[in-house]
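As a plain string of letters, each chain reads:
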Amino acid sequence: MSLGKGALWRRPWPSARTASSTRSGWSCVTAASAAPSRAVASMFWVDAELGSDIYLDGIVSVVDSKYGLKHLTEERADGAVNEATRQVALADLIILNKTDLALEEDLNRLRMTIRSINGLGRILETQRSRVDLRAVLDLHAFDALSGISLQNKMLRVATAQPHLDHSIVTVTFEVPGNAQEESLNVFIQNLLWEKTVRSKAGQCMEVIRLKGLVSLRDKPHQVIVQGVHELYDLEETPVSWASNSARTNRLVFIGRNLDKEVLQQLFATTVLEA
Ligand SMILES: Nc1nc2c(ncn2[C@@H]2O[C@H](COP(=O)(O)OP(=O)(O)OP(=O)(O)O)[C@@H](O)[C@H]2O)c(=O)[nH]1
């Protein structure tokens, strides 16, 4: 199958479980820029919460190997984050297409740049956007099932250096202990809604994507935290805490002006149980 740019997947009915048996059960909504991707993602995500029979499976961005680096490093006159970077930041799956047209050295720089922006999304390299459907369907990027794969993925995510000053970057931290649900909500709302959390340099932190696995005392299972711009959700996963291992909270943020130390300290002092 060949994928278009800025593709977003949704599943029209829940019984459509596997890619092979249900190709007709999937729809792909394409968007040429991050603004509609974000709007559509928000719409389907909220819609699923309302009990609809469609749900958002994941966000896919296609990057052109030949011009990707140019697009990702473009600085806008108004200082805003450029469109290509926003799309990569939002994605659960990044398809790096036209790899035959780029030199290996340039491809490596592009891979590193994509990784520094989005340390969580999977990168799939293609030519003519040919992909194995099993790699793009059933991403479960927005449901509690993603907690299972997220646990392993998060262990491999590292806080990255931005590829440009003030560009979008992935930041991650882990704090052991139990989080208080109400305080966790306040922490997330201050970040996503109130935008009152600032870096040490005094810049407002702007979060585009947020994922985490946290421990709430009364919950026997890990709780997944998901955020896309202003929308967020907490949901218990099927993964239970092992009785012989310490409970912990691991969060990954993708956004601008993110200050790992400030975020980690704020979480430790305002969200963790005393
Ligand atoms: N060599 C090569 N050419 C490709 C590949 N994928 C697409 N093309 C060709 O590139 C041209 C433009 O295709 P796309 O980039 O997919 O089209 P598009 O998404 O509408 O183009 P943009 O919106 O400008 O990115 C077409 O002639 C395709 O056949 C690839 O992997 N390798």
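- The chain goes by COBW domain-containing protein 7 isoform X2 in an unreviewed UniProt entry, where it is assigned to Echinops telfairi.

Regarding the sheet that holds strand β7 (residues 206–214)
- Within the open sheet, the five strands sit side by side as β6-β10-β7-β8-β9. Their pairing is antiparallel. Two strands in the sheet have a free side with no partner beyond their single neighbour: β6 (169–176) and β9 (231–240). With strand direction ignored, the average angle separating the axes of adjacent strands in the sheet is 15 degrees.
- Relative to strand β10 (residues 248–256), β6 runs antiparallel, the two sharing eight bridges. Residue pairing for β10: Phe173 is matched across the bridge by Leu251.
- Here helix α4 (residues 104–117) sits on the sheet in contact with β6 and β10, set at roughly 50 degrees to β6.
- Sitting on the sheet, helix α7 (residues 181–194) is in contact with β7, β8 (221–228), β9 and β10, with an inclination near 140 degrees to β9.

Things to note about the nonpolar core
- Counting 29 residues, the largest nonpolar core has Leu184, Phe187, Ile188, Leu191, Phe253, Leu263 and Phe267 as its most contacted members.
- Mapped by element, the contributors of at least two residues to this core are β6, α7, β7, β8, β9, β10 and α8 (260–270).
- Take this core: its biggest share by element is five residues, from α7.
- Listed in part, the 24 residues of the second largest apolar core include Leu56, Ile94, Ala102 and Phe142.

Some words on the packing of aromatic side chains
- Tallied over the full model, the rule gives five aromatic pairs.
- Taken together, a centroid distance of 5.5 Å and an interplanar angle of 85 degrees make the contact between Phe187 and Phe267 edge-to-face. In this pair, Phe187 is assigned in helix α7 and Phe267 in helix α8, connecting sequence segments 80 residues apart.
- Phe187 sits in the buried class, given a relative accessible area of 4%.
- A residue is classified by how much of its surface remains accessible, and Phe267, at 0% relative accessible area, is buried.
- Here the aromatic residues Phe173, Phe187, Phe253 and Phe267 are joined through ring pairs into a cluster of three or more.

How each quantity is defined
- Residues numbered from 1 in each chain as written.
- Predicted model: local features only at pLDDT ≥ 70, side-chain atom pairs only at ≥ 80, totals over all residues.
- Heavy atoms only, no water.
- Pairing = 2+ DSSP bridges.
- Helix = DSSP H or I, 4+ residues; strand = E, 2+ residues; numbered from the N terminus.
- Axes fitted to C-alpha atoms, helices over the stretch in contact; angles between N-to-C directions.
- Contact = heavy atoms within 4.5 Å.
- Core = buried A, V, L, I, M, F, W, Y, C linked by side-chain atoms within 4.5 Å.
- Buried < 20%, exposed > 50% of the residue type's maximum accessible area, 1.4 Å probe, protein only.
- Phe/Tyr/Trp six-rings, centres within 6.5 Å; stacked < 30°, edge-to-face > 60°.

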